[in-house]
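# Results of the structural survey
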Amino acid sequence: MSAVADPTVLAAAPGTGPGSGAGRGAARRRGWRSLFIQIAVLLVLIVALFVWLANASLSEVERATLAPAELWRMTLEHLKLTVVSAVIVLVIAVPLGIALTRGPLRRANGVILAIANIGQAAPAVGLVVLLAFAMGFGSPAAIVALVLYAILPVLRNTMVGLDGVDSRLVEAGQGMGMSASAVLFKVELPLAVPVMLSGIRTALVLLVGTATLATFINGGGLGLLITTGVNLSQTAVLVVGSLLVALLALVVDWIGKVVEFVARPKGLA
């Protein structure tokens, strides 16, 4: 008689559970497969857009507006606005979020978050225009407006991620003789990385979408296609501009997912 394996024994066998090394390895492989499928779909959509653009029946004005060189120039302007704003947001929000989880500065949490929330509470287009009148029309005013609009998710998620670290792990690090800075950089920040990167990813997508408003103050970017399409009733220009912004946001979100996936501590499921 052949022995029948007890399912309870198999479930309890080391190395087979979802939290085991094998389980984590399978989860990471599924994660990479999902990311590759997503970027493949995005690339197909981008290629389909440009194939349609090459074969569409367009007027002379539409062809001039949607010339590859013009689209590339506006895309680079849009990316420049996004990247510069994102770097400034990170330089301000991450250190500030860390500082607000340390000692006496915790008391200022409510005030700082309320100030940071002003950027998102105010209508984005109103914020852009007001800053343009205060600073002058152009990309600098647009960048300041974008920073104010996107700083809250990064600041809040930095604080939430650090506050969510198990206090017993912090105490264990301190008990091993680690300094406060060593505990922060070797224990707290690595464990808070997933939450922090989620906030950064959200901010990046917000920046890509909101950067379209820079066109109202001569800040450049893909928003020019949308306003041109609306003002001149050029449907093709409007559709291409809207699709490019949406696809760019999806690509940026995908890059954020990749960074988040790679930076996640290996021990986390």
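Here goes a summary of the coordinates provided.

Rules and cut-offs
Position numbers for residues start from 1 in each chain and track the written sequence from start to end. Restriction of local features to residues with pLDDT of at least 70 applies here, the model being predicted, together with a cutoff of 80 or more for giving and counting side-chain atom pairs; totals for whole chains, interfaces and linings are based on all residues. Only hydrogens and water are removed before side-chain values are computed, so all heavy atoms of the structure are retained for them. Definition used in this section: a nonpolar core is a set of buried Ala, Val, Leu, Ile, Met, Phe, Trp, Tyr and Cys residues joined via side-chain atoms within 4.5 Å. The buried label applies to any residue whose accessible area, calculated with a 1.4 Å probe on protein chains only, is under 20% of its type's maximum; exposed applies above 50%, and partly exposed to all values in between. A run of H or I in DSSP becomes a helix once it reaches four residues, and a run of E becomes a strand once it reaches two; helices and strands are each numbered from the N terminus. Two residues qualify as a contact provided that any one of their heavy atoms is within 4.5 Å of a heavy atom in the partner residue. Patches in this entry comprise residues that are over 30% relatively accessible and not in a salt bridge; like charges within 9 Å are linked, as are nonpolar side chains (Val, Leu, Ile, Met, Phe, Trp, Tyr) within 5 Å. For every accessible area listed, the method is Shrake-Rupley and the probe measures 1.4 Å; residues are considered covered only by the protein chains on display. Only one rule defines a salt bridge in this text: a Lys or Arg side-chain nitrogen within 4 Å of an Asp or Glu carboxyl oxygen. Contacts described as polar in this section are N or O atom pairs within 3.5 Å, which, within protein, must combine one atom able to donate a hydrogen with one able to accept it, while residues neighboring in sequence count only if both atoms come from side chains. Centres within 6.5 Å make a pair out of two Phe, Tyr or Trp rings, where for Trp the six-membered ring is used; the pair is then stacked when the planes are under 30 degrees apart, edge-to-face when over 60, and tilted otherwise.

What follows concerns the nonpolar core. Counting 39 residues, the largest nonpolar core has Leu81 and Val154 as the members making the most contacts within it. For this core, the element with the most residues is helix H7 (residues 139-163), which contributes 14 residues. In this view, Val154 contacts Val89, Leu90, Ala93, Val94, Gly199, Ile200 and Ala203; residues no more than four positions away in its chain are not counted. If you look at the next biggest cluster of nonpolar residues, it comprises 25 residues, including Leu49, Leu71, Val208 and Leu248.

Taken together, the side chains of Val83, Val84, Val87, Ile88, Val91 and Ile92 present a nonpolar region at the surface, about 460 Å² in accessible area. Relative to the elements of secondary structure, Val87 occurs in helix H4 (residues 68-99). Accessibility expressed as a relative area gives 46% for Val87, which makes it partly exposed.

Relative to the assigned elements, Thr212 resides in the loop between helix H9 (180-210) and helix H10 (223-231). Exposure remark for Thr212: the relative accessible area of 14% places this residue in the buried category. Within polar-contact distance, the side chain of Thr212 engages the backbone oxygen of Gly209 at 2.7 Å. Among all residues touching Thr212, those that are not within four sequence positions of it are His78, Gly223, Ile226 and Val245.

Take unusual backbone geometry next. Backbone phi values are negative for most residues with the exception of glycine, while trans is the configuration of most peptide bonds. Unlike most non-glycine residues, Asn218 shows phi in positive territory, near 60°. Position of Asn218 relative to the elements: it lies in the loop between H9 and H10. Asn218 gets classed as exposed once you look at its relative accessible area, which sits at 62%. In the Ramachandran plot, Ser233 falls in the positive-phi region, its phi being about 55° despite a non-glycine side chain. Among the secondary structure elements, Ser233 is positioned in the loop between H10 and helix H11 (235-263).

Turning next to the packing of aromatic side chains. Taken as a whole and judged by the stated rule, the model has one aromatic pair. Between the aromatic rings of Phe133 and Phe137, the centroid separation amounts to 5.7 Å while the plane-to-plane angle is 90°, which identifies the pairing as edge-to-face. Overall, the relative accessible area of 48% leaves Phe137 in the partly exposed class.

Turning next to the pattern of salt bridges. In total, this model carries seven salt bridges according to the counting rule given. With its nearest N and O atoms 3.7 Å apart, the salt bridge here joins Asp253 to Lys257. A residue pair is termed a helical-turn pair when its members lie 3 or 4 positions apart in one helix, as Asp253 and Lys257 do in helix H11 at four residues. Since its relative accessible area comes to 17%, Asp253 is described here as buried. Beyond isolated ion pairs, a larger network of salt bridges with shared partners links Arg201, Asp253, Lys257 and Glu260.

A few words now on the environment of Thr210. Within the secondary structure, Thr210 sits in helix H9. For the pair formed by Thr210 and Gly223, sequence separation is 13 residues and the distance between their alpha carbons is 9.2 Å. Here Thr210 is in contact with Ala124, Leu146 and Tyr149, once residues within four sequence places are set aside.

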